[in-house]
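Okay, here's what each chain looks like letter by letter:
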Amino acid sequence: MNELNVLYEDNHIIVVEKPVNIPAQADSSGDSDMLTLIKSYIKQKYNKPGDVFLGLVHRLDRPVGGVMVFARTSKAASRLAPQVASHKAKKRYAAIVTGSPKAYAKLEDYIRKDESTLSALICPPSAPGARNAALEYYRLTERGGLTLLDVSLFTGRHHQIRCQLAKMGCPIKGDLKYGFDRSNKDGGISLHARSAEFIHP
């Protein structure tokens, strides 16, 4: 990745578009990650000496692209993180799925994370590690056996959108982990974080 797509920045936050297949933070792959790239961008642009502070207040899965908000100060991070944790920060996604989704639906399930496969599983409310998961979607358009959905999250569970849409028989295009039959050429999945609403810190 040669250049960041910076959507907004000030002294408190920076909002960028995360490309597909770049991790939000450093992982075992050793690949370039958003935290490191943005720190480098800030350091060069503002001639910052020493280490640059950058707070990761929410995440996007590696194969997902779209809007990410980062805190440029510890105070901003301390004010943004509770909004994310309490779901006061609103996130919307565009998803291309297979199957025949209804025009509108609200999905409510219980999900647990399978640590052995790092995937999300629908489970009974009483299952160990079960957490409630809720989202709603509107169907926007259909073409060639695929449907574009506008998805809003009410909770932010691990792989929530991917897991819940697959459970109703509409896996996201390119998402082999949750049942789509072939990968996308770029190795990502057809899920894009299209907007984020929050109270400015």
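As shown above, the structure is provided for reference.
Here is a short report on the structure shown in this document. Owing to the predicted nature of the structure, the values given are computational and were not obtained by experimental measurement. (Residues numbered from 1 in each chain as written. Predicted model: local features only at pLDDT ≥ 70, side-chain atom pairs only at ≥ 80, totals over all residues. Heavy atoms only, no water.)

## Description of the overall build of the protein
For step 1, the next point in the chain: Scanning the protein from N- to C-terminus turns up three helices and ten strands.
For step 2, the next point in the chain: Reading the protein from its N terminus to its C terminus gives the helix and strand order β-β-α-β-β-α-β-β-β-β-β-α-β.
For step 3, the next point in the chain: By principal-axis analysis of the C-alpha atoms, the protein measures approximately 55 × 40 × 35 Å.
For step 4, the next point in the chain: Going through the 201 residues of the protein one by one, you find that 42% of them count as buried.
For step 5, the next point in the chain: In the protein, of all internal contacts separated by at least 6 residues, the share reaching a separation of at least 24 is 62%.
For step 6, the next point in the chain: The centroid of the 29 positive side-chain charges in the protein is displaced by 4 Å from the centroid of its 20 negative side-chain charges. (Helix = DSSP H or I, 4+ residues; strand = E, 2+ residues; numbered from the N terminus. Buried < 20%, exposed > 50% of the residue type's maximum accessible area, 1.4 Å probe, protein only. Contact = heavy atoms within 4.5 Å. Lys, Arg positive; Asp, Glu negative; His and termini not counted. Charge placed at Lys NZ, Arg CZ, Asp CG, Glu CD.)

## Quick word on the pattern of salt bridges
For step 1, the next point in the chain: Throughout the structure, instances matching the rule amount to ten salt bridges.
For step 2, the next point in the chain: Across the pair D31 and R62 runs a salt bridge whose closest N-O atoms are separated by 2.4 Å. Pair noted here: D31 is in the loop between β2 (13–18) and α1 (34–45) and R62 is in the loop between β3 (55–56) and β4 (65–71), with a separation of 31 residues, a long-range link.
For step 3, the next point in the chain: For D31, a relative accessible area of 36% puts it in the partly exposed group.
For step 4, the next point in the chain: Judged by relative accessible area, which is 27%, R62 ranks as partly exposed.
For step 5, the next point in the chain: Notably, a salt bridge pairs D181 with R182, separated by 2.8 Å at the nearest N-O pair.
For step 6, the next point in the chain: On the accessibility criterion, D181 (62% relative accessible area) is exposed. (Salt bridge = Lys/Arg side-chain N within 4 Å of Asp/Glu carboxyl O.)

## Brief notes about the packing of aromatic side chains
One pair of aromatic rings is described through two measures. These are the centre distance and the angle between the planes.
For step 1, the next point in the chain: Counted under the stated rule, the structure contains one aromatic pair.
For step 2, the next point in the chain: Over the ring of Y46 we find R72, and its NZ or CZ is 4.8 Å from the ring centre.
For step 3, the next point in the chain: We note K106 situated over the ring of F154; from NZ or CZ to the ring centre the distance is 5.0 Å. (Phe/Tyr/Trp six-rings, centres within 6.5 Å; stacked < 30°, edge-to-face > 60°. Lys NZ or Arg CZ within 6 Å of the ring centre and 35° of its normal.)

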